[in-house]
Amino acid sequence: MTTITLVRGDITRQSVDAVVNAANSSLLGGGGVDGAIHRRGGPAILADCRRLRASHHGKGLPTGQAVATTAGELDARWVIHTVGPVYQASGGDPSLLASCYRESLKIADELGARTVAFPAVSTGAYGWPMADAARIAVEAVRAADTAVEEVRFVLFDDSAYQAFAELIG
Ligand code: AR6
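Residues numbered from 1 in each chain as written. Predicted model: local features only at pLDDT ≥ 70, side-chain atom pairs only at ≥ 80, totals over all residues. Heavy atoms only, no water.

Visitor: Go over the overall build of the protein, please, and point to the residues and values.
Guide: In terms of helices and strands, the protein carries 5 helices and 6 strands. Each helix and strand of the protein, ordered N terminal to C terminal, gives the series β-β-α-α-β-β-α-β-α-β-α. Computed over its C-alpha atoms, the radius of gyration of the protein comes to 14 Å, within 12% of the 15 Å expected for a compact globule of 169 residues. By principal-axis analysis of the C-alpha atoms, the protein measures approximately 40 × 35 × 30 Å. Across the 169 residues in the protein, those meeting the buried criterion constitute 48%. Once local pairs closer than 6 in sequence are excluded, the contacts in the protein between residues at least 24 apart make up 70%. (Helix = DSSP H or I, 4+ residues; strand = E, 2+ residues; numbered from the N terminus. Rg over C-alpha atoms; globule rule 2.2 N^0.38 Å. Buried < 20%, exposed > 50% of the residue type's maximum accessible area, 1.4 Å probe, protein only. Contact = heavy atoms within 4.5 Å.)

Below, the structure is given as structure tokens:
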């Protein structure tokens, strides 16, 4: 049984087995959560990402997929990088956003991670409306068949926290 918890705060400050990064396909860093994770986690994470680009993920990580690296100096064992879909004028593909959560939890299971912290994937630079992204995230986690015991959504501001709180009884 997976328990969903909500925290308002900075995902790089969490003590968990795995921290999920809202990455991009290059796996080579960016702003938002990605920038914060690489800054606080240090160069070991980028070194691992470069190794992935040089081996399994030569073309980058496809949208909706997930892959793990070391967590460097974060208080976690792994970072699970996932690539959310971009929300465009015509909307976004909810199945790809749900896939980010499902695939990240699959990787967590492979690693043996029991506590996993997620940001609200795609809701920053990628523009997904928060209420809709929260619903997709919570539904995907509830539907997942996983041994992860705690999924912790770490929300950066009050409105993000409220969007998730409305869905979690
Ligand atoms: N802790 C928790 N949440 C955060 C933090 C933090 N330290 N920083 C930002 N957020 P984003 P995306 C929130 O842009 O939309 C990057 O450049 C933020 O307020 O990090 O999936 C990547 O390299 C928002 O609600 O991810 C990609 O190119 C949510 O986290 C691109 O951005 C996600 O915002 C990915 O865009």
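Visitor: How would you sum up the side chain of S99? Please name residues and give values.
Guide: In this fold, S99 is placed in helix α3 (residues 94–111). Exposure remark for S99: the relative accessible area of 7% places this residue in the buried category. Ignoring anything within four residues of it in the chain, the contact list for S99 reads G64, Q65 and S104.

Visitor: How would you explain the site of the ligand if you had to name every residue and give the values?
Guide: Surveying the vicinity of the ligand reveals 23 residues, the closest of which are N24, G31, D34, T123 and G124. In this structure, N24 approaches the ligand through a side-chain N or O atom, which is 2.8 Å from an oxygen atom. Contacts to the ligand include T123, whose side-chain N or O atom sits 2.7 Å from an oxygen atom. Broken down by secondary-structure element, the contributors of at least two residues to the shell around the ligand are β2 (18–23) and α1 (32–41). Among the elements that take part in the shell around the ligand, α1 stands out by supplying 4 residues, more than any other. (Near = heavy atom within 4 Å. Polar contact = N/O pair within 3.5 Å; in protein donor to acceptor, adjacent residues only side chain to side chain.)

Visitor: Any chance you could break down the packing of aromatic side chains for me, citing the residues and the numbers?
Guide: Under the defined criterion, the tally for this structure stands at 5 aromatic pairs. Centroid distance F153 to F164: 4.7 Å. Interplanar angle 45 degrees. Geometry classified as tilted. Of this pair, F153 sits in strand β6 (residues 150–155) while F164 sits in helix α5 (residues 158–165), placing them 11 residues apart in sequence. The same class applies to F153 as to F164, namely buried. Members of the aromatic cluster, joined through ring pairs, are Y101, F118, F153 and F164. (Phe/Tyr/Trp six-rings, centres within 6.5 Å; stacked < 30°, edge-to-face > 60°.)

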